[in-house]
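Coordinates in review
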Amino acid sequence: MEYLLNFFEDLDEMVYISDMETNELVYMNRHLRNALGFENHAQYQGQMCYKVLQGYDQPCSFCTNHILEPNHFHSWTHINPVMNKRFLIKDSVFYYDDRKYRIEIAIDVDSEVVCQTPYYYARSESILNGCLQQAFSDASPEAALGQILSYVGRTFSCDRVYIFELDGDSANNTYEWCDPSAAPQQEILQNLPISFISWWIDLFEKNELVMIRDLEEIRTEYPAAYAVLKPQKIERLAAGPILSDGKLVGFFGVDNPDPDMMGLIASLLKMIGYFVISLLQRRDLLKHLNTLSFHDPLTGAYNRNALFEHNTFADKCKTMGVVYCDITGLKQVNDSMGHDAGDLLIRHSYQLIRNELDTPWVYRTGGDEFVAVFPDIEQEAFWTKVSDLHAAVHKSKQHIAVGYAWCGEQPFSVEAMISRADKVMYQDKRDYYAANRMLPGVERRREADRVPVLAHDGDSLFYNFLHTTYYDAEMVFRSISQQNTTAYFYFGDMQKNIFYVSDNMRDEFGFQSNIVPGLLQAWAQRITSVKYRDMYWEELDSMIKEKRSIHDLRYQVRDTNGKSMWVRCYGILKWNEDKTLPLFFSGRVSHQDDAFVIDPVTNFPREQALLSYLDEVKGKKSTALAIGFSFNSIAEINSTRGRTYSDHLVENIATDLMEKLSDKMSFYRLEGMRCAAILDAGCTESREELVEQIRAIVDSWYHLMGISLQHTCSFAVMEYPQSNLMPADFLGQLVSLIRVAKHDTKQLYAGYSESNIERVKYMSNMALALSRDVLCGMENFRIVIQPIVSTLNGRAIGGEVLLRWKFGGKDVSPAVFVPMLEKDNMIHLAGRWVFEQAVCACMRLVSYDPDFYLSFNVSLYQLSDSHFLDFMEETLGKYQVDGCHLVAEMTESCMDEKPEYCCTLSQSAGSWASALHWTISAAAILHSGCCFSIPPTSSSWIVPCWVKWWNRLIR
């Protein structure tokens, strides 16, 4: 035995031998003696093994003596209560001098030394060789990463193996392997704030590991991490850093590995991280090379190489569409304005094509040519996309020739379809050049002139008169338009797109000749704003689609001197007999200044009249005091009660203002729901008094018409002239100050001051940033959860989800940014994001406290989102959250405006989420007179809380 004892003495593992009949200790090696504090053998020999090793007074209940056999080792794991460590244990039995001895070898699986032991060294080497083989088993780094995750998961009997990559202040689960028995988590582990696991990051940056042997052990110290991990059914995990040149870029982790192998996997995580970062770098390099090889560097579109590479489209599709686009006039732009301008035109054209066609498969196949491919698209959907592109090109200042081809029968040839689309495109380009052949610098291909035969009723009284009398068409046209300062006349051939305009239209709008090729396009360029230009094109497009003959529209245009004027454009469109071709278009454009001086709703003079008055004031070197004011929440009134209702409200207010205050001030209607009052020279009352008089009238009518609003109007006061502002700029500044007053309700009115002007600039920048942040995936937004505390025991029983947004590094009040979201029609996107964040937070919080609940607000604007309920159902399924922990609180405005719809909404939600609770504010219930039943629930707090709240309310 002496030789055997010498062999065990210097092993890194702990070894002891005991007599199986008496349980007396016979031998401990140096490692075990040092761990228990024995300096020599005499100090422990003869003592009971269960007393010394386990601290028990009697034999261990888990003793394995009865199952041990000579020449066989029995393996098991055990947490030793004396040393408070987990051990992998190997037991056996041997005979010496006719006595039976137990030998036990214990491996400290918690120790860093474990990786140096012969057993673990051999096992580690085998696993690393396996990882190395997987890393280079596939040419694709994406596939190799999947192989490594799968190998590690199977080797260590894990539920999940994953890779997270850091992106600023968040982490994204980019790769995942799951055991068939485990639910995937990758989809919901995106944009995870690293603040949840900041203590992990601290360890990773020191190149240390995260080892959680029992999740419940971190519940109190790290509740945020616990709440993230618990819903994933994690009991234990190990994670290690992924470093690139010493910088932390992510981490590699395993969930629920075999507990006996926790020590082994800890020793390997860092080494596996080296394999992973190598593959991630390879992935990024290949992506970069792919971008260089298959993407156009100027636009980001695919290039011709990619089109050939993707030619397998044709083999897999049942239908296919191809659109071929050519940028008109690119060469002229390059020659006259330089290649930078040409590049800008190319990028602009690509964005227009990509946005309108809505397909990822857009290829730049030449300097000015793009091809879009639509695999498996129905013919009707394809024509709709082509039509959308044509409409967008019409609205754009830059022409793009468009060709197209669609096929619904195999076999397909992408090259053949491109060739077909190319022919259509060239015909479109020829038509454009023919229509614009008189414009300087435009290339064209002339074709023989043709004279269309116009369909008309030759027996009409008009034509009979022409045929029986002397008739001079030019003289008739001149007599109508000569010395006419209020109307302009035009007529033209729709097929050739050539028009004749009257002399005054030619001169006042800067046409080079009475003959104007492409008049419709040229006229659109003279329309002052994008809003009216879009309206103009929509009207013309609808005429063509609906086969209408009458055109009648009002908008603003700008003449050759830059002066803006309101016009009414009236015209008649003549079709061929079967109404397949528009042939002839003629009409008049008349001034609308007189008709537009008075606003039909308020009967106030319009803005143009005020501008003229301010010009007079400036010319006389006099002064004027202007009070600007707005009627608030008109958009909400329009959407809930209708435009007629809001017009009636504004009309009543305006009538009352005129009756009571017209002896003191003159009123004007500005843009939107804003007005201005100019004080008469003889008025001696103070600004404050006059503002309060206007406010009182506005308040009274809101109240009389049943509209509950704390701030019905907002005011700004300015003196004219002011800081050398021109009249139009003065009114623009007045409108901006009204916006400031709307957000700063503490001021009676917003005056012209440096601080308010800075606020105007600040709010303009804020509006731009808000729109950008929403469209960039709710950047700079977050939710906070305000605790709901029980009055019985002071314990937090729930929370209210609130939306927060930062601008310029500072929190902005929801009272400021939420109306801006509503005004810009972005509240639906924000509302959906808030709901998903609420569900995700609920999933985590309920794992920490099963009785916890979250409430979230549902506004009137969200109720107008017809797909919101579908989104809620989909989101609850995505996060596997039971609706009984969520309460949807409908705001008072919902009940004020749509009480019946609220009831219907609550009932319809019950069909798919019977446990989701819909509640309405107390004031809303009293105001509406509606009764609501409380749905049954397994959560005991909801009904008692509601009843107690209701009892307090009715008392």
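Before reading further, recall that the structure is shown in the block above.
Residues numbered from 1 in each chain as written. Predicted model: local features only at pLDDT ≥ 70, side-chain atom pairs only at ≥ 80, totals over all residues. Heavy atoms only, no water.

**A closer look at the overall build of the protein**
Regarding its fold elements, the protein presents 34 helices and 33 strands. Out of the 955 residues belonging to the protein, those deemed buried represent 47%. Contacts in the protein between residues far apart in sequence, at least 24 positions, make up 59% of those at least 6 positions apart. For the protein, the accessible surface area stands at approximately 49100 Å², while carbon and sulfur atoms represent 51% of it. (Helix = DSSP H or I, 4+ residues; strand = E, 2+ residues; numbered from the N terminus. Buried < 20%, exposed > 50% of the residue type's maximum accessible area, 1.4 Å probe, protein only. Contact = heavy atoms within 4.5 Å. Areas by Shrake-Rupley, 256 points an atom, 1.4 Å probe, with all protein chains shown as cover.)

**A few points about the packing of aromatic side chains**
Throughout the structure, instances matching the rule amount to 39 aromatic pairs. Their ring planes at 15° and their centres at 5.7 Å tell us that Y302 and W361 sit as a pair that is stacked. Of this pair, Y302 sits in strand β12 (residues 302–303) while W361 sits in the loop between α12 (339–357) and β14 (362–364); the two residues are 59 residues apart in sequence, bridging distant segments of the chain. Here a set of aromatic residues connected by ring pairs shows up, and it is made of Y162, F164, W199, W200, F204, Y222 and F251. (Phe/Tyr/Trp six-rings, centres within 6.5 Å; stacked < 30°, edge-to-face > 60°.)

**Here we look at unusual backbone geometry**
Residue P721 follows Y720 across a cis peptide bond; omega there is 0°. On the secondary structure map, P721 appears in the loop between β26 (713–720) and α25 (727–743). Positive phi values are uncommon outside glycine, yet N207 reaches one of about 60°. Among the secondary structure elements, N207 is positioned in the loop between α6 (198–205) and β9 (210–212). With relative accessibility at 26%, the residue N207 sits in the partly exposed group. Phi at Q880 is positive, roughly 55°, even though this residue is not glycine. With respect to the helices, strands and loops of the structure, Q880 is situated in the loop between α30 (868–879) and β32 (886–890). A relative accessible area of 65% means that Q880 is categorised as exposed.

**Topic: the packing of helix α26 (residues 754–775) against helix α27 (residues 814–823)**
With their axes 11 Å apart at the nearest point, α26 and α27 run at an angle of 65° to one another. Classified by chirality, the crossing of α27 by α26 is right-handed. Seen from α26, the contacting residues are M763, M766, A767, L770 and V774; seen from α27, they are V816, F817, M820 and L821. Here the contact of α26 with α27 is composed, by residue class, of nine nonpolar, no polar and no charged. (Axes fitted to C-alpha atoms, helices over the stretch in contact; angles between N-to-C directions. Left-handed = near helix turned anticlockwise from the far one by under 90°. Nonpolar A, V, L, I, M, F, W, Y, C, P; charged D, E, K, R; others polar.)

**Considering the pairing of β26**
Along β26, seven of the eight residues are buried, which leaves the element largely enclosed by surrounding structure. Bridging between strand β23 (residues 624–631) and β26 involves eight bridges; their strand directions are antiparallel. For G628, the partnering residue across the bridge sits in β26 and is A716. Across two bridges, β26 lies against strand β27 (residues 750–751) in parallel orientation. Looking across to β27, one finds that V717 is bridged to G751. In this region the chain leaves β26, passes through α25 and returns to the parallel neighbour β27; the handedness of that crossover is left-handed. (Pairing = 2+ DSSP bridges. Right-handed = clockwise from strand over helix to strand, strands pointing away.)

**Section: the nonpolar core**
With 69 residues, the main nonpolar core has W200, I212, L237, F781 and W805 as its most contacted residues. Per element, the largest residue contribution to this core is 12 residues, and it comes from helix α28 (residues 827–848). Excluding residues that lie within four positions of it along the chain, I212 makes contacts with W199, W200, I218, L229, E235, R236, L237 and M262. Among the nonpolar cores identified, the runner-up in size contains 32 residues, and F631, V650, I653 and L679 belong to it. (Core = buried A, V, L, I, M, F, W, Y, C linked by side-chain atoms within 4.5 Å.)

**Quick word on the sheet that holds β12**
Spatially, five strands are ordered β12-β14-β15-β13-β16 in an open sheet, and the strand pairing comes out mixed. Edge positions in the open sheet fall to β12 and β16 (400–407), since each of these has one partner strand only. Summarising the sheet, strand β13 (residues 320–327) and strand β15 (residues 369–375) pair through seven bridges and their orientation is antiparallel. Counted as the bridge partner of G321 is F374 from β15.

**Some points on the pattern of salt bridges**
Per the counting criterion, the structure on display carries 35 salt bridges. In this structure, the salt-bridge partner of R506 is D507, at a minimum N-O distance of 2.8 Å. Owing to a relative accessible area of 21%, R506 belongs among the partly exposed residues under this scheme. The class for D507 is partly exposed, based on a relative accessible area of 47%. (Salt bridge = Lys/Arg side-chain N within 4 Å of Asp/Glu carboxyl O.)

**A closer look at the sheet that holds β9**
The strand order across the open sheet built from six strands is β8-β7-β6-β11-β10-β9, with neighbouring strands paired in antiparallel fashion. Bordering the open sheet on either side are β8 (192–193) and β9, each of which pairs with just one other strand. The pairing of strand β6 (residues 160–167) with strand β7 (residues 170–178) spans eight bridges and is antiparallel. In the sheet register, I163 faces β7, and the bridge partner there is Y175. Packed on one face of the sheet, helix α5 (residues 141–155) meets β6, β7 and β11 (247–255) and runs near 65° to β7.

**Digging into the side chain of R236**
Inspection of the secondary structure assignment puts R236 in the loop between α7 (223–229) and β10 (237–244). A relative accessible area of 16% means that R236 is categorised as buried. Here E235 takes part through its side chain, which lies 3.4 Å from a polar atom of the side chain of R236. In terms of polar contacts, R236 uses its side chain to reach the backbone carbonyl oxygen of P257, at 2.6 Å. (Polar contact = N/O pair within 3.5 Å; in protein donor to acceptor, adjacent residues only side chain to side chain.)

**Considerations on the environment of S349**
Examined against the element boundaries, S349 turns out to sit in helix α12. Sequence spacing of S349 and I327 is 22 residues, and the spatial spacing of their C-alpha atoms is 7.2 Å.

**Quick word on α12**
If you check α12, its first and last C-alpha atoms are 27 Å apart, about what 19 residues at 1.5 Å a residue would give, namely 27 Å. G342, L345, I346, S349, Y350, L352, I353 and L357 are the residues of α12 that are buried. The arc that holds the buried residues of α12, viewed along the axis, is 160°, so those residues lie on one side. Opposite its buried face, α12 presents the exposed residues D340, L344 and N355, each directed more than 90 degrees away. Looking one or two residues beyond α12, the residue adopting positive phi is D358, at roughly 55°. (Expected span 1.5 Å × (residues − 1). Arc of directions from axis to C-beta.)

**Some words on the packing of α12 against helix α13 (residues 379–395)**
At a minimum axis distance of 9 Å, the contact between α12 and α13 shows a crossing angle of 140°. Crossing geometry of α12 relative to α13 is assigned as right-handed. Along its contact with α12, which presents L352, I353, E356 and L357, the element α13 presents K385, D388, L389, A392 and V393. Within the contact of α12 with α13, the residues separate by chemical class into six nonpolar, no polar and three charged.

**Considerations on the pairing of strand β22 (residues 582–591)**
Bridge count between strand β17 (residues 487–493) and β22: seven bridges; the pairing is antiparallel. The partner of Y490 across the bridge, within β22, is G587. In the sheet, strand β21 (residues 564–575) pairs with β22 via nine bridges, with the strands oriented antiparallel. Across the sheet, the residue bridging to C569 is V589, located in β22. Counted along the chain from β21 to the antiparallel partner β22, the turn is six residues long, and its residue K579 has a positive phi close to 55°.

**Structural notes on the environment of F730**
Summarising the element assignment, F730 is placed in helix α25. Between the alpha carbons of F730 and L614 there is a distance of 9.3 Å; along the sequence they are 116 residues apart.

**Concerning α30**
Spanning 12 residues, α30 covers 17 Å between terminal C-alpha atoms, matching the ideal 16 Å at 1.5 Å per step. Considered for burial, the residues of α30 that qualify are F868, L869, F871, M872, T875, L876 and Y879. For α30, the angular spread of the buried residues around the axis is 155°, confining them to a single face. Just downstream of α30 lies Q880, where phi reads positive at about 55°.

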